[in-house]
Amino acid sequence: MPDSAIIIPSVLNGLTTGGLYALVALGLTLIYGVLHIINFAHGALLMLGLYAVYFLNVQFGIDPYVALLIVPPAMFALGYALQRGIIGRASHGRDENILLVTLGLSIIIENLSLFFFRSDTRTVDTPYSFDVIEIFGAFLPYPKVVAFIGALVTAALLWLLMSRTDLGRAIRALAKERKGAQLVGINADHVFAMSFGLGIACLGVAACLLLPSYYVNPQVGGGFVLIAFTIVVLGGMGSFVGALIGGLIIGVVEALGGLFLGESLGQIGIFLIFILVLIFRPTGLFGAKA
Amino acid sequence: MKTDTKLLMLIVVFGLIALAPLLITQESLLNIVIMTLYAALLGQAWNILGGYGGQVSFGHAAYFGTGAYTVAVLQVQFGINPWIGLAAGGLAAAAVGAFIGLCTFRYGLRGSYFALVTLAFAEVLRILSNSVDFTGAGVGLLIPLERSAANFQFLTKAGFFWVIWAMTLAAFLTVWKIGNSRFGAQLMAVRDNEDAARALGVNAFRVKMGAIMLSGFFSGLAGVFYAQYFLYLDPYIAYGAAISVESLLVPIIGGMGTLFGPLLGAAFLHGLSELSRAVIGDAPGISLVLYGVLLVIMVLFVPRGLAGLASHLRSGKRAVSQAEGGNDRA
């Protein structure tokens, strides 16, 4: 049994990783909460965002944190176009069809990336990549601490947007009562696409904050997909607070699982949580009762 | 189409396919036929649960991998003959199906949630097979080369052809029987409207359990065949997402819930990937990009698949009335 000198740093490290996971999950939960669809292409779109940050850095020398001004708006536009052009037309009345279309999109995006960027794993060099910050005797990588704070700020901004702006009100109205919202003049297709765009813009933020401490290759999104789903399911589909807390829990579970069971078997805890929550409490910790 | 006509067509089609080893002497061409039949088997297995039962699974690798690992582990670790492993692999996969069914259908998981949970189960199995010793962990398992029919390692491709031909025929006959039985009628009723089916006295849980076990069984057989054909397995091959995707792509392209859909889908997909290889060459990922594009196009514009398209072209009016009725997809 490892003593607290190992466990506490491990938990703190897990919390910062969890912040990154929460960032990825925020977009997913926004999309689910409004459109009631599960975006299977979430991981592939994150990977695309990571490549955007990478090439901005390598080609133009733009710092990943400065790319926050470029990548999220671009991802927003991409998300808007995808929802308006493809995903919104796919359901034919069955949610599984959307799952299938987004699966198809993720296959296309991942393999086009494989074709153009090859399977090499790439990282960026920033002056702060290897800086550490000491908290409670644990040495935490500086980029991860920044990402953790970024996740909190993004969640707060999303919450403000949803509760204080006209767009947020329109989104919530549509999520609650589609016909009624359309009757008072809300353009459903436009607002759905805005919501999807916002969810994908969150991925853009995640990509900028993630890359300094992480890497990118065409398969990198796959690892995030199930983790993000687990967080969303655990926190309650559509709940921002749930996504944040769910992300932190999953980060800690992964860190402790890795500590006690080893790197490879440690991941199993995440999937077991996913299965158990879906079976026994499908509304999640913070979701409304169905 | 009447059910007798369908059976007759099935026999004629498989009879024609059986001519392949007599007419094709080139091993590489016969290999394409074998891989097409294998894809049709995978797809038909998925079709039982996904097409006829309406339960879209994203994790059929769970059954495929279990069948493949069963035959490989029994041989490598215990020296048990792969023909016994064939039966054991199918049954083990059906048992995994029963377990996943118990965990999901018992608690009423449907639609997208069911799809995601099946994916999570396949991932759990992948991580387990990557971590324990008797599956060879990350290194994988190499089945020792000992070419003989008694050892399920044929000297020529023709031997493998007959095995996959027989397995695929068995799967198609089973599905023909399903389409023609009380069980099948109940399964399709559950697909079309589960609440209404239950109100009429259908035990939806039992029907879905039957479907997931049958589906798992045939997926497991495909896994056994894969292991014996390529003689190598690792966690990504056995339990990775590629198999789950191929399993659902084939019937979706061919036509979900139709008897011949998986065969059409498999032939179309393999034809396409051979064509793309001939035109574009072996660029990494390109044939998969085509698969993804096809999946999007089919779901967007041809949700009833090639089989649906065919019946639509044959008699436009009737196909439309069937689509509106929504209960006769075959």
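Residues numbered from 1 in each chain as written. Chains lettered and ligands numbered in written order. Predicted model: local features only at pLDDT ≥ 70, side-chain atom pairs only at ≥ 80, totals over all residues.

Looking up chain B in an unreviewed UniProt entry gives the name Branched-chain amino acid ABC transporter permease, with the organism given as Hoeflea alexandrii. Under Subcellular location (unreviewed entry), UniProt gives the following word-for-word description of chain B: "Cell membrane". (UniProt positions renumbered as here; feature names shortened; annotations may be inferred.)

The name given to chain A in an unreviewed UniProt entry is Branched-chain amino acid ABC transporter permease, with Hoeflea alexandrii as the source organism. Under Sequence similarities (unreviewed entry), UniProt gives the following word-for-word description of chain A: "Belongs to the binding-protein-dependent transport system permease family. LivHM subfamily." Its UniProt record gives chain A a comment under Subcellular location (unreviewed entry), which states: "Cell membrane".

Engineer: Please explain the overall build of chain A as it appears in this structure.
Structural biologist: Counting secondary structure elements, chain A contains 12 helices and two strands. Overall, chain A shows an N-to-C arrangement of helices and strands of α-α-α-α-β-β-α-α-α-α-α-α-α-α. On C-alpha atoms alone, chain A measures out to a radius of gyration of 19 Å, which is about the 19 Å that the 2.2 N^0.38 rule sets for 290 residues. In terms of overall dimensions, chain A has C-alpha extents of about 60 × 45 × 35 Å along its principal axes. Looking at chain A as a whole, 53% of its 290 residues are labelled buried. (Helix = DSSP H or I, 4+ residues; strand = E, 2+ residues; numbered from the N terminus. Rg over C-alpha atoms; globule rule 2.2 N^0.38 Å. Buried ≥ 20, exposed ≤ 12 C-beta atoms within 10 Å, placed from the backbone.)

Engineer: Help me understand the overall build of chain B in this model?
Structural biologist: Tallying secondary structure elements over chain B gives 16 helices and two strands in all. The C-alpha radius of gyration computed for chain B amounts to 19 Å, which stays within 12% of the reference 20 Å derived for 330 residues, consistent with globular compactness. When its C-alpha atoms are laid out on the principal axes, chain B stretches across 55 × 45 × 35 Å. Across the 330 residues in chain B, those meeting the buried criterion constitute 50%. Of all intrachain contacts in chain B linking residues separated by at least 6 positions in sequence, the fraction that spans at least 24 positions is 77%. (Contact = placed C-beta atoms within 7 Å.)

Engineer: I tried to follow the interface of chain B and chain A on my own but got confused; where do I start?
Structural biologist: Quite often, the size of an interface is put as the accessible area lost when its parts meet. If you look at the interface, chain B gives 34 residues, while chain A gives 33 residues. Top contributing element to the side of chain B that touches chain A by residue count: helix α6 (residues 111-131) of chain B, with 14 residues. Taken together, the residues that form the side of chain B that touches chain A break down as 27 nonpolar, six polar and one charged. (Nonpolar A, V, L, I, M, F, W, Y, C, P; charged D, E, K, R; others polar.)

Engineer: How should the packing of helix α4 (residues 95-117) of chain A against α6(B) be read in this particular structure?
Structural biologist: The angle between the axes and the distance between the axes are what describe a pair of packed helices. Across the interface, α4(A) lies against α6(B) with an axial gap of 7 Å and an inter-helix angle of 45°. Between α4(A) and α6(B), the angle falls in the class oblique. Note on element contacts: α6(B) touches α4(A) through Gly111(B), Ser112(B) and Ala115(B), opposite Asp95(A), Glu96(A) and Leu99(A). Here the contact of α4(A) with α6(B) is built from residues that sort into two nonpolar, two polar and two charged. (Axes fitted to C-alpha atoms, helices over the stretch in contact; angles between N-to-C directions. Parallel < 35°, antiparallel > 145°, perpendicular 65-115°, else oblique.)

Engineer: What exactly am I supposed to notice about the nonpolar core here?
Structural biologist: Soluble, globular proteins show a tendency: their nonpolar side chains are buried together. Leu23(A), Leu50(A), Ala206(A), Ala207(A), Ala228(A), Leu41(B) and Leu295(B) are the most contacted members of the largest nonpolar core, which totals 201 residues. In terms of residue count, helix α8 (residues 188-210) of chain A provides more of this core than any other element does, 16 residues in total. Apart from residues lying up to four places away in sequence, Leu50(A) is in contact with Ala207(A), Leu210(A), Leu211(A), Val216(A) and Val220(A). (Core = buried A, V, L, I, M, F, W, Y, C linked by C-beta atoms within 7 Å.)

Engineer: Even after reading the chapter, I still don't get the pairing of strand β2 (residues 138-141) of chain A, so can you show me in this structure?
Structural biologist: Look at any regular strand and the pattern is simple: side chains alternate between the two faces of the sheet. Residues and elements named next belong to chain A. By the bridge criterion, four bridges tie strand β1 (residues 132-135) to β2 in an arrangement that is antiparallel. Looking at the pairing, Val-132 lines up with Pro-141 of β2. Here β1 folds back onto β2, and the loop between the two strands holds two residues, one of which, Phe-136, carries a positive phi near 50°. (Pairing = 2+ DSSP bridges.)

Engineer: Sorry, what's going on with the UniProt feature "transmembrane region" (unreviewed entry) in chain A here?
Structural biologist: Residues annotated by UniProt as "transmembrane region" (unreviewed entry) correspond here to residues 6-30, 37-56, 62-82, 98-117, 145-162, 183-212, 224-253 and 260-280 of chain A. The span residues 6-30 of chain A shows a helical share of 100% and a strand share of 0%, and its end C-alpha atoms are spaced 36 Å apart.

Engineer: Just to check I follow, could you spell out unusual backbone geometry for this structure?
Structural biologist: Trans is the prevailing form of peptide bonds, just as negative phi is the prevailing case for residues other than glycine. Backbone geometry at His36(A) places phi at a positive 55°, although glycine is not the residue there. Tracing the sequence through the fold places His36(A) in the loop between α1 (4-35) and α2 (42-60). Assessed through the 15 C-beta atoms surrounding it within 10 Å, His36(A) is described here as partly exposed. Non-glycine residue Phe152(B) carries a positive phi angle of around 55°. The residue Phe152(B) is located in the loop between β1 (141-142) and α7 (157-178) in this model. According to the C-beta neighbour criterion, Phe152(B) is buried, with 24 such atoms within 10 Å.

Engineer: Got a minute to help me understand the environment of Gly159(B) in this structure?
Structural biologist: Residues and elements named next belong to chain B. Along the polypeptide, Gly-159 turns up in helix α7. Of the residues examined, Gly-159 has 15 C-beta atoms within 10 Å and is grouped as partly exposed. Once the C-alpha coordinates of Gly-159 and Leu-91 are considered, the two residues, 68 residues apart in sequence, prove to be 23 Å apart. Apart from residues no more than four positions distant in its own chain, Gly-159 is found in contact with Ala-149 and Phe-154.

Engineer: Before we go on, may I ask you to explain the packing of helix α9 (residues 220-235) of chain A against helix α10 (residues 240-261) of chain A in this structure?
Structural biologist: Residues and elements named next belong to chain A. Packing of α9 against α10 leaves a shortest axis separation of 8 Å and a crossing angle of 125°. With respect to α10, the element α9 is oriented oblique. Here the hand of the crossing between α9 and α10 comes out right-handed. Facing Ile-227, Thr-230, Ile-231, Val-232, Leu-234 and Gly-235 of α9, the residues of α10 in contact are Gly-242, Ala-243, Ile-245, Gly-246, Gly-247, Ile-249 and Ile-250. The class makeup of the residues in the contact of α9 with α10 is eight nonpolar, five polar and no charged. (Left-handed = near helix turned anticlockwise from the far one by under 90°.)

Engineer: Can you walk me through the confidence of the model for chain A in this structure?
Structural biologist: Parts of the model with low pLDDT should not have their predicted coordinates read in detail. When pLDDT is averaged along chain A, the result is 86, and 98% of the positions lie at 70 or above. Per-element confidence in chain A ranges from a low mean pLDDT of 74 for helix α11 (residues 263-266) of chain A to a high of 94 for helix α3 (residues 71-85) of chain A. (pLDDT = per-residue confidence, 0-100.)

Engineer: I keep staring at the environment of Leu109(B) and nothing clicks. Help me out?
Structural biologist: Secondary-structure assignment places Leu109(B) in the loop between α5 (82-105) and α6. We classify Leu109(B) as buried; it has 20 C-beta atoms within 10 Å. Each C-alpha atom, one on Leu109(B) and one on Gln55(B), is 9.7 Å from the other, the two residues being 54 residues apart in sequence. Residue contacts for Leu109(B): discarding those within four places in its chain leaves Leu278(A), Thr104(B), Phe114(B) and Val117(B).

Engineer: Please clarify how the environment of Thr156(B) should be interpreted in this entry.
Structural biologist: Here Thr156(B) shows up in the loop between β1 and α7. Between the C-alpha atoms of Thr156(B) and Ser247(B), which are 91 residues apart in sequence, the distance is 27 Å.

Engineer: Would you mind going over the confidence of the model for chain B with me for this structure?
Structural biologist: When pLDDT is averaged across chain B, the result is 88; 94% of the residues are at 70 or more. Contacts from residues 319-330 of chain B, a stretch scored under 50 in pLDDT, to residues over four places away or in other chains number 13 contacts.

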